[in-house]
Each structure stands twice: as C-alpha cells, then as structure tokens.
Amino acid sequence: MQPLDGADLRVVAALQVNGRATWDRIGRVLREPTRNVARRAGRLMESGVLSVIGLVDDRRLDSALLRVRCRPGSAVEVGTALAELPQTRSVTLLSGPVDCAAELSAADDTLVDLLLRDIPAIDGVLGSTAYPALKYFSTPLDWHLGVLTPQEAEGLREQWHAPPERSPRPGEEPSADDERIIAAVVTDGRATHAEVALAAGISESTARRRLDALLRRGVLRIRAEIEPACLGLPAEAVLWLRVAGDEVDAVGRALAARPEVRFAMAVAGDHQLVAQVALPGRPELYEFLREIGGLPGIMAVETAMMLRTFKRAFLIKRDCRVERWAGPVG
C-alpha cells in the first residue's frame, strides 16, 4: 500500500491521540468538515488499514520478549504459528541470526508453559531465548505521528489521557460488568456508550461512567493501530542494547524521547534494553544509530531489520491490513 496522504495522516494522528473522539470534534480541531473526517477514517477502517481497539493493562500478566531461531526455510511457518497463539502481542520476522521475535503477555504459570513446552513444540523451532520485561519506558500507545500542533493534540485529549493511575490493587479488580464493558471495547475502541451498554446489559449512563473509570485508571487504553509503512515509515528495526548497569534508566529515557522509537523497555538477560524504531528509510536508520551510539553507557547495539510483521497489538496482519483479531487473553 502507498503511504497515506497528508489529510489522511492528520486524521490517523488525531485518532492516535484520542481514538474515541467524535468525528465532529476531530473536524473542529483539524478545521476539516466532519463528513470528510468520517469518510477518510471510515475508508481506512473498512479496508482494514486502520483499527481502533482497546488494550487491557492487566498487571496480573507478565511480559517477555522472545527471540526464536528456526530451521532453514521454516521462519514464515513458525511466525504464522506464533501469531496464532493468543498470548503473543506481536510477532515479526527479522534479519540476522535470530529469525523471529515475539512479545508475550500471559500469567506467570502460562508463560512458563509457553516457553518450556508449547513454543519449542512448534515445527521448525530450533531454539529460543526469553527476555522478561522489567520496565517499559515507552510503548506504541505513547507513539504518535508528529503531524499535529501541540494545540491540536491538546484539543483532542480527555481527562483520562493523564498518566494512568497504578493498576488496580487487590480488591479493585474489574467487576463482571466491567469485564463485559472491556470485552465490547477491546475489538471496537470506538463503540458508542449505547453499544457498550447493550453488550454489557446495563444502562447507558452506567456504561459511560464505568468505561470512563476504566480509561482513567489505565485498566483499559485505546489505540489506533496502523502499520508504520502506511505512514511513510517502512524501515523498521529492533535494537538490542548492552548498557552499563548504572546508565540503563538514562538510556531508556533518552530512547523513549526520540520520535523514531515506538517502544523501549528494560529486560533481564544478556541485553539490558530493547527498542523498536520506524523511519523513512535505511539512511535515516543509519543516522539514528550513529546518534544514539554516542549515549553514555551504551556498550553495543545489535540491529535487526523487521522483514515481515505477522501480528501487532494482538491483531494478525497481512501486508498493511488486519487479517483478524487474535486476543488478548486475560
């Protein structure tokens, strides 16, 4: 698919800031007719290029990054099989000695079974290394296109866009009604309060109040998901960094502040940080690597180009389009 034009990019950027904003509100902020905003967004969503979904921040689940080595000629089949697992948040085919990378999200006991039994049993898997996530400095939820002015972005934000509160403590887990609300919004982040109320079997006013509370607490977050290639950023890479222990936090924060970085996290293992970047081309990637190489504490950077994406944000992908929803669990 060709990169989107400027007007489409601005609509996508608005939905990245607030995926539940009304078309009228987006139109007023962008100074575009409401019907044009609705037409552009509707076309992108109907074609599968753009999805607005809800993601659950469940601290009962653990995250880990997985690097998988495959039997020659089997990487695509292994990547497809990994994408089918409901516990994989993302799966990508990589250049270099590691063939596939996946982000896992599962309860601790399930994660152990995945790593020791289920994934090694996939035909074509020769070996894998897991890197438990220790801290997220940024996530794709925080990554926005830089095409809106600060004033436009502020005009789209809701109160629940403030940094989310801590995840629910014991006794504050979502109720049965909350779980039904979450289920309605997970697959359609733009579901109306009336649609959420119908799905949850509650009144519209209750649906509005409880959904707003879930968003404000950070239990549920809304994401506009679209492939970076559709945004003119086809050069994607995963960076595995070895960093001196006392500099990990500073380097992680420096990476998270860069507009090219879609996510950055600290991990346990023989690397201390992992980041994923998206840029217009390989020359820009080279310059990015040259610039971050000078950060204090970085001892080595291993760069793997992303060759094919099988899954992002629990969405199974084909080219720039969503093939089908496959998760999340928990």
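Parameters and conventions
Counting restarts for each chain: residues are numbered from 1 in the order of the written sequence. Where local features are concerned, this predicted model is filtered to residues with pLDDT of at least 70; where side-chain atom pairs are given and counted, the filter is 80 or more; whole-chain, interface and lining totals use all residues. No hydrogens and no water enter the side-chain calculation; it runs on all heavy atoms of the structure. UniProt positions are given in the numbering used here, feature names are shortened, and annotations may be inferred rather than shown by experiment. What counts as a helix is a DSSP run of H or I of at least four residues, what counts as a strand is a run of E of at least two, and both are numbered from the N terminus. What qualifies as a polar contact is a pair of N or O atoms within 3.5 Å, subject to a donor-acceptor requirement within protein and to the restriction that residues adjacent in sequence count only when both atoms come from side chains. The contact rule is simple, with two residues in contact once any of their heavy atoms fall within 4.5 Å. A pairing counts as a salt bridge when a side-chain nitrogen of Lys or Arg comes within 4 Å of a carboxyl oxygen of Asp or Glu. Type-normalised accessible area, obtained with a 1.4 Å probe on protein chains alone, sets the label of each residue: buried when under 20%, exposed when over 50%, and partly exposed for intermediate values. Nonpolar cores were defined as sets of buried Ala, Val, Leu, Ile, Met, Phe, Trp, Tyr and Cys residues, with membership established by side-chain atoms within 4.5 Å. In what follows, a disulfide is any cysteine sulfur pair within 2.5 Å.

**Brief notes about the UniProt feature "domain: HTH asnC-type" (unreviewed entry) in the protein chain**
Working step 1: The UniProt feature table records "domain: HTH asnC-type" (unreviewed entry) at residues 178–234.
Working step 2: Here residues 178–234 runs as 56% helix and 11% strand, with 38 Å between its end C-alpha atoms.

**Structural notes on the side chain of Arg25**
Working step 1: With respect to the element layout, Arg25 can be found in helix H2 (residues 23–30).
Working step 2: Side chain to side chain, Arg25 and Glu158 meet in a polar contact 2.5 Å long.
Working step 3: Discounting residues that sit within four places of it in the chain, Arg25 has contacts with Asn18, Gly155, Leu156, Arg157 and Glu158.

**Quick notes on the pattern of salt bridges**
Working step 1: In the structure shown here, the tally under the stated rule is 24 salt bridges.
Working step 2: Between Glu158 and Arg25 there is a salt bridge; the shortest N-O distance is 2.5 Å. Linking Glu158 in the loop between helix H6 (150–156) and helix H7 (176–187) with Arg25 in helix H2, this pair joins segments that are 133 residues apart in sequence.
Working step 3: Taking relative accessible area as the criterion, Arg25 reaches 19% and is therefore assigned buried.
Working step 4: A salt bridge links Lys135 to Asp249; the shortest N-O distance between them is 3.0 Å. Here the residue Lys135 occupies a position in strand E5 (residues 125–138), and Asp249 occupies one in helix H10 (residues 248–256), the gap between them amounting to 114 residues.
Working step 5: Salt bridges linked by common partners bring Arg223, Glu225, Glu227, Glu236, Arg312 and Lys317 together as one network.

**What to know about the nonpolar core**
Working step 1: With 46 residues, the main nonpolar core has Ile26, Leu156, Ile226 and Leu231 as its most contacted residues.
Working step 2: When contributions to this core are tallied by element, the ones reaching two or more residues are helix H1 (6–17), H2, helix H3 (34–46), H6, H7, helix H8 (193–200), helix H9 (204–217) and strand E6 (220–225).
Working step 3: The dominant element in this core, judged by the number of residues it contributes, is H1, at seven residues.
Working step 4: Core analysis: the next-biggest nonpolar cluster, separate from the first, contains 22 residues, Ala64, Leu66, Leu111 and Ile119 among them.

**Description of unusual backbone geometry**
Working step 1: You will see that Arg31, though not glycine, has its phi angle at about 60°, which is positive.
Working step 2: For Arg31, the position within the fold is in the loop between H2 and H3.
Working step 3: With phi around 50°, Ala313 is a residue other than glycine that occupies positive phi space.
Working step 4: When you line up the elements, Ala313 lands in the loop between strand E10 (298–312) and strand E11 (315–318).
Working step 5: Assessed through its relative accessible area of 2%, Ala313 is described here as buried.

**Some words on the environment of Leu44**
Working step 1: Along the chain, Leu44 falls in helix H3.
Working step 2: By relative accessible area, Leu44 is classed as buried at 2%.
Working step 3: With 40 residues separating them along the chain, Leu44 and Leu4 place their C-alpha atoms 9.7 Å apart.
Working step 4: Beyond its immediate chain neighbours, meaning those up to four positions away, Leu44 contacts Leu4, Asp8, Val12, Val49 and Leu50.

**Details of the state of the cysteines**
Working step 1: Per the counting criterion, the structure on display carries zero disulfides.
Working step 2: Just so you know, Cys70 is unpaired, no disulfide at all, and the nearest cysteine sulfur is the one on Cys100, 4.2 Å from it.
Working step 3: In this structure Cys70 comes out as buried when scored by relative accessible area, which is 7%.
Working step 4: Classification of Cys100 by relative accessible area gives buried; the value is 0%.

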